[in-house]
Amino acid sequence: MPIDTAYIPLGQLLKKLQLLDTGGQAKLFLAEYQVLVNGVPEKRRGRKIYPQDEVEIEGFGTVRPVREE
């Protein structure tokens, strides 16, 4: 998953993965599905996801952002 910034908020990552239509849906998505960041459950849509982070999304799989220069 390429990103062009130093980090991406979790809600925007979910939107970029086309799991959400809008970033505002992230709160509901995170309440319904388990999302792990580096193996730790995460419910904050504003959580900063960095290129070294591993995000596991229930029903979707695992993604790791990569910084594009």
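Scroll up for the structure.
Residues numbered from 1 in each chain as written. Predicted model: local features only at pLDDT ≥ 70, side-chain atom pairs only at ≥ 80, totals over all residues. Heavy atoms only, no water.

Trainee: What should I look at first to understand the packing of aromatic side chains in this one?
Mentor: Note on aromatic pairs: each is described by the distance of the centres and the angle between the planes. Counting across every chain of the model gives 2 aromatic pairs. Taking 5.6 Å as the distance between ring centres and 55° as the angle between the ring planes, the aromatic pair formed by tyrosine 7 and tyrosine 50 counts as tilted. Taken together, the residues span a long stretch of sequence, with tyrosine 7 in the loop between strand S1 (2-3) and strand S2 (8-9) and tyrosine 50 in the loop between strand S5 (48-49) and strand S6 (55-57) at a distance of 43 residues. With a relative accessible area of 32%, tyrosine 7 lands in the partly exposed category. Judged by relative accessible area, which is 31%, tyrosine 50 ranks as partly exposed. (Phe/Tyr/Trp six-rings, centres within 6.5 Å; stacked < 30°, edge-to-face > 60°. Helix = DSSP H or I, 4+ residues; strand = E, 2+ residues; numbered from the N terminus. Buried < 20%, exposed > 50% of the residue type's maximum accessible area, 1.4 Å probe, protein only.)

Trainee: Just to check I follow, could you spell out the environment of glutamate 56 for this structure?
Mentor: When you line up the elements, glutamate 56 lands in strand S6. Classification of glutamate 56 as partly exposed rests on a relative accessible area of 40%. Distance from glutamate 56 to proline 41, taken between C-alpha atoms, is 9.3 Å for residues 15 residues apart in sequence. Residues in contact with glutamate 56, not counting those within four places in the same chain, are Gln34, Val35, Leu36, Gly61 and Thr62. (Contact = heavy atoms within 4.5 Å.)

Trainee: What exactly am I supposed to notice about the sheet that holds S6 here?
Mentor: In sheet architecture, strand pairing relies on hydrogen bonds along the backbone and comes in two forms, parallel and antiparallel. Pairing in this open sheet of 4 strands is antiparallel, and the strands run S4-S3-S6-S7 from one edge to the other. The open sheet has two free edges, formed respectively by strand S4 (40-41) and strand S7 (61-63), since each of these has just one partner strand. Relative to S4, strand S3 (residues 35-37) runs antiparallel, the two being bridged by 2 bridges. Opposite leucine 36, over in S4, you have proline 41 as the bridge partner. (Pairing = 2+ DSSP bridges.)

Trainee: Explanation requested: the side chain of aspartate 53 in the structure shown.
Mentor: With respect to the helices and strands, aspartate 53 occurs in the loop between S5 and S6. Only 2.9 Å separates the side chain of aspartate 53 from the side chain of asparagine 38, close enough to count as a polar contact. A polar contact of 2.8 Å, which involves the side chain of aspartate 53, links it to the backbone nitrogen of tyrosine 50. Look past the residues within four positions of aspartate 53 in its chain and what remains in contact with it is Val37, Asn38, Arg47, Lys48, Val63, Arg64 and Pro65. (Polar contact = N/O pair within 3.5 Å; in protein donor to acceptor, adjacent residues only side chain to side chain.)

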